[in-house]
Amino acid sequence: MKKQFLDLGYQPLANEFLSKYTNKHKKYRLKIFFDYKSKLVSISKKIPSKEMFTNKYPYRSSMSKTMQLSFLKLSKEILKRFNPILMLEIGSNDGALISNFNKKKVIGIEPCSNLAKITNKKGFKTYDNYWEINLAKKLKRKYKEIDLIYSANTLTHISDLKNVFKSINHLLSTNGILIIEDPSLLECLKKNSYDQFYNEHIYLFSVLSVKNIIKEFGFEIFDLKNLNTHGGSIRYYIKRKSNKKFKISERVKQQIKKELKFGLDKFSTYHKFSINVKKSKNKLIGLLSRLKSRNKKIIGYGATAKAVTVLNYCNIDNSIIDFFTDTTPDKINKYMPGKKIKIYKYNKNILNKVDFAFLGAWNFKYEIKKKEKRFLDRGGKFITHIPIPKII
Ligand code: TMP
């Protein structure tokens, strides 16, 4: 049984950056549910993938040094620990991970053809398809078996999880390894980062829920790592139960203990979270309005999907935030989805006349603070809403 615990109102597609502002932007009600049985947290309305992951998808994983470094470290670990003959990445985006591998030993799957084109051009075989059983069957005919499948920040975007794992089960070799990483539900609740919820993020995983989803396919988690990326993620190392080569690490048991201690298995925990989310909204609106009434110039830094949730939930528009700045080519000179706030191309002088910069990309706080030393030295300040709205 599923029960609703949070309503984030009407939200646009978080990556639909339009060149012309319209107040008729298509919006969908964003309600969040907890499933008592599977412990899975999910959004109510599932938008078809074909509407969200198109040939205009703007998000580029290689836009941040933090992500590039994380993928470089992981690629070294994969080679050392598993040394796969052939690996496959589901949701390879612009190749931030696969570019670290030998072109002959890695295959990308990326339904957004604008992104698949980037890696294909560099010589990395990339299929511009959605991940589902017919593709897995086609790949099995061609490549026989894959001994490592990796997917970061992708599986939580696909509504039919049964099809996802059925397809992985079909293609992965008997002793194959599956590594997935996605934002951590525990971290989201601890940080009160309700902006992890948007229409693309259909699920927010925990060890408790992943364990339940995969067991039906004969898989189990044998190791995990907590990561700082995307505001706190978990990397799950998964194998078939029949594969006795790897023992279940203590880290898995510890994480389950932590999740149970925090109450991820209880509805009351989510109810408490929803009260904190409402408080966060009021506090952020109060803080920004007070600064604005003192004629302070506020901009947004990092036109993230997360910021779209915040702006639309808190109803913040260009009377408060003058503009956003971002480095992603496909977001430049467009509007924040659902709000009349323009996005300007980042340059090192963009903060010159700015008093406060709201961190849309709060998950890259350290990278950004380092980059904007000049802004901070002359008295400029960042604002974050994580874990509570404040000036930092
Ligand atoms: P993400 O939080 O979904 O990964 O998105 C990060 C966004 O922030 C992406 O659009 C790139 C942008 N960004 C900047 O504009 N400048 C920066 O220094 C960093 C780290 C990110």
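To keep things clear, this report deals only with the structure shown in the data block. Just so you know, these numbers come straight off a predicted model, no measurement behind them.

Turning to the site of the ligand, a few remarks are in order. Neighbouring the ligand are 16 residues, the closest being Tyr-59, Lys-306, Asp-326, Lys-331 and Lys-371. One of the side-chain nitrogen or oxygen atoms of Tyr-59 is found 2.9 Å away from an oxygen atom of the ligand. Here the ligand has 490 Å² of accessible area as a free molecule, and 96% of this is covered by the chains. Looking at the shell around the ligand element by element, the count peaks at 3 residues for helix α11 (residues 365-371). Each residue belonging to the shell around the ligand can be placed in one class, and the counts come to 5 nonpolar, 6 polar and 5 charged.

Tallying each qualifying case throughout the model produces 18 aromatic pairs. Here the aromatic rings of Phe-82 and Tyr-237 are separated by 6.3 Å at their centres, their planes lie at 35°, and the arrangement is tilted. With Phe-82 in the loop between α2 (65-81) and β4 (87-90) and Tyr-237 in strand β11 (residues 233-240), this pair connects stretches of sequence that are 155 residues apart. This pair shows no difference in class: Phe-82 is buried, exactly as Tyr-237 is. Pairwise contacts between aromatic rings join Phe-5, Phe-34, Tyr-36, Phe-267, Tyr-270 and Phe-273 into one cluster. We note Lys-3 situated over the ring of Phe-267; from NZ or CZ to the ring centre the distance is 4.4 Å.

Moving on, we come to the environment of Ser-70. As for its placement among the helices and strands, Ser-70 is situated in helix α2. Given the relative accessible area of 14%, Ser-70 is considered buried. For the pair Ser-70 and Thr-229, spaced 159 residues apart in the sequence, the C-alpha separation amounts to 7.9 Å. Excluding residues that lie within four positions of it along the chain, Ser-70 makes contacts with Thr-229 and Arg-235.

Strand order in this open sheet of 7 strands is β6-β5-β4-β7-β8-β11-β10, and the pairing throughout is mixed. Strands with a single pairing partner mark the edges of an open sheet, and in this sheet they are β6 (126-127) and β10 (219-227). Pairing of strand β8 (residues 172-183) with β11 involves 6 bridges; the strand directions are antiparallel. The partner of Glu-181 across the bridge, within β11, is Arg-235. Its contacts with the sheet place helix α7 (residues 207-215) against β10 and β11, and it is angled at close to 155° to β10.

Pairing in this open sheet of 6 strands is mixed, and the strands run β14-β13-β12-β15-β16-β17 from one edge to the other. Here the strands that pair on one side only, and so sit at the sheet edges, are β14 (342-345) and β17 (390-391). As paired strands, strand β12 (residues 298-301) and strand β15 (residues 356-359) are joined by 4 bridges and run parallel to one another. Bridged to Ile-298 within β15 is Phe-356. Set on the sheet, helix α9 (residues 267-293) makes contact with β12, β15, β16 (381-384) and β17; between it and β16 the angle comes to about 150°.

Our focus in this paragraph is unusual backbone geometry. Look at the link from Ile-386 to Pro-387: it is a cis peptide, with omega at 0°. Its location among the elements puts Pro-387 in the loop between β16 and β17. At Asn-192, a position not held by glycine, the phi torsion is positive, near 55°. Mapped onto the fold, Asn-192 is located in the loop between α6 (185-191) and β9 (203-204). With a phi angle near 65°, Asn-333 is a residue other than glycine that sits in the positive phi range. Counting through the fold element by element, Asn-333 comes out in the loop between β13 (323-326) and β14. A relative accessible area of 43% places Asn-333 in the partly exposed class.

Cut-offs applied
- Residues numbered from 1 in each chain as written.
- Predicted model: local features only at pLDDT ≥ 70, side-chain atom pairs only at ≥ 80, totals over all residues.
- Heavy atoms only, no water.
- Near = heavy atom within 4 Å.
- Polar contact = N/O pair within 3.5 Å; in protein donor to acceptor, adjacent residues only side chain to side chain.
- Areas by Shrake-Rupley, 256 points an atom, 1.4 Å probe, with all protein chains shown as cover.
- Helix = DSSP H or I, 4+ residues; strand = E, 2+ residues; numbered from the N terminus.
- Nonpolar A, V, L, I, M, F, W, Y, C, P; charged D, E, K, R; others polar.
- Phe/Tyr/Trp six-rings, centres within 6.5 Å; stacked < 30°, edge-to-face > 60°.
- Buried < 20%, exposed > 50% of the residue type's maximum accessible area, 1.4 Å probe, protein only.
- Lys NZ or Arg CZ within 6 Å of the ring centre and 35° of its normal.
- Contact = heavy atoms within 4.5 Å.
- Pairing = 2+ DSSP bridges.
- Axes fitted to C-alpha atoms, helices over the stretch in contact; angles between N-to-C directions.

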